[in-house]
Amino acid sequence: MRCVESPKHRLHDPVHEVQFGVPIPAFEVPARADAIRSALEANGGFELEEPAEHGLGPIEAVHDPGLIRFLAEAWDEWRATNEAPELFPDSVLHPALIEGMGPPHEPRSPLARAGYWCFETMTPIVAGSYEAGRAAVDVALSAADLVLGGEPIAYGLCRPPGHHSPRAAFGGYCFFNNAAIASQHLIDRSGEPVAVLDLDYHHGNGTQQIFYRRSDVTYVSLHGHPDRAFPYFTGYEDERGAGAGEGSNLNLPLATGCDDATYLAALDRALEAIERADPSTIVVSLGMDTYRDDPICDFALTTPVYGEIGRRVAASGRPLLVLQEGGYHVPSLGENVVTWLRGAEGR
Ligand code: SP5
Ligand code: ZN
């Protein structure tokens, strides 16, 4: 199987995130992608290649130009007046602040701008965040090109992840929405509809938002129920899409402790919905934070079930573009990803 990876992910090396109001060690760290890469190399059945640069065009096709500009400028602007090694917002633009009013002004200071574009306190901008985020997009697009070129399956080792970033904001450890950008690229090149199957523990609020009113991308997600799980405000079953996208969004929120059998039953429902949508390609947002030992999540999946999940997804017979999202138990990441991909390849 051909896989795309960029060493530039290491340029995004955050030290902290803020949870429960205090700085704690960052979970979304370079060691995650390094562990997956090592496991792919050690296995022998995977060919690793570096991405080709695709420029800003595919990102501009999905994201607000102001968001892209901010991410490109933020670190240098912050550095000009601050010594702190990470930029976190301290005030974010709550929608009620401007209820009944016109569009807000984008602030000038980097701190205030961070609160204009970021929706939480877990995704610091550090010196290399933008370059790493751009490389993750190129990884996703290069893997998409492999599928467009006829590969039945390709894997993009994206880091930082992407599925929490909507059109005009970032957060949840994500900068650019790699899966959404790759999905749009597939549509632009093929003219055919796609489905995104989001298997990260967290609801992919960003991907859902980007395609909510469109019928050419079906979004289907299995995730921790928002009554307890980040991103808290989306992921409910009654979010079914709107306008032209009515019925093309399916959320399957799951309870604490979700085990292999419960997960596979929900996966079958997800796959039935995808069959009905009849997409030309399935883009898989693959999070390994559903694993039983994940430090910030509460599902109970075991390593062997990832092989079965890969098999069932591949049984659709459609080309698969598999893109890495979350997963924070570093020691198990490599084996779990390899097990998933081997299952999908039928070996
Ligand atoms: C891509 C991705 O997986 N992003 C996830 C971002 C989740 N950030 C942490 C959310 C807060 C979790 N609180 C955990 C409590 C553990 N007992
Ligand atoms: Zn996640």
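Check the entry above for the structure.
All figures in this text were calculated on a predicted structure; none of them were measured in a lab. (Residues numbered from 1 in each chain as written. Chains lettered and ligands numbered in written order. Predicted model: local features only at pLDDT ≥ 70, side-chain atom pairs only at ≥ 80, totals over all residues. Heavy atoms only, no water.)

1. Here's the deal with the layout of surface pockets
Link 1 in the chain: In this structure, the largest pocket spans a volume of roughly 1,100 Å³.
Link 2 in the chain: Lining the largest pocket are 45 residues, with F119, E120, F230, P231 and F233 positioned closest to its centre.
Link 3 in the chain: Breaking the lining of the largest pocket down by element, the ones donating at least two residues are β2 (16–19), α4 (110–117) and α7 (205–211).
Link 4 in the chain: Sorting elements by how many residues they give to the lining of the largest pocket places α4 first, with 3 residues.
Link 5 in the chain: Split into classes, the residues belonging to the lining of the largest pocket amount to 28 nonpolar, 12 polar and 5 charged.
Link 6 in the chain: Here the second largest pocket defines a volume of roughly 180 Å³.
Link 7 in the chain: Every residue lining the second largest pocket is counted, 13 residues in all, and those nearest its centre are K8, E53, R134, A135 and D138.
Link 8 in the chain: Its residues assigned to classes, the lining of the second largest pocket shows 4 nonpolar, 3 polar and 6 charged. (1 Å grid on protein atoms, 1.4 Å probe; cavity = no way out; pocket = protein on both sides within 12 Å on 5 of 7 lines; lining within 4 Å. Points joined across faces, edges and corners; volume = space filled by probe spheres on them. Helix = DSSP H or I, 4+ residues; strand = E, 2+ residues; numbered from the N terminus. Nonpolar A, V, L, I, M, F, W, Y, C, P; charged D, E, K, R; others polar.)

2. Looking at the site of ligand 1
Link 1 in the chain: The environment of ligand 1 is formed by 16 residues, the closest being M122, G172, H202, D289 and Y328.
Link 2 in the chain: Taking H202, its side chain carries an N or O atom lying 3.1 Å from an oxygen atom of ligand 1.
Link 3 in the chain: Y328 has a polar side-chain atom sitting 2.5 Å from an oxygen atom of ligand 1.
Link 4 in the chain: Among the residues forming the shell around ligand 1, the class breakdown is 8 nonpolar, 6 polar and 2 charged. (Near = heavy atom within 4 Å. Polar contact = N/O pair within 3.5 Å; in protein donor to acceptor, adjacent residues only side chain to side chain.)

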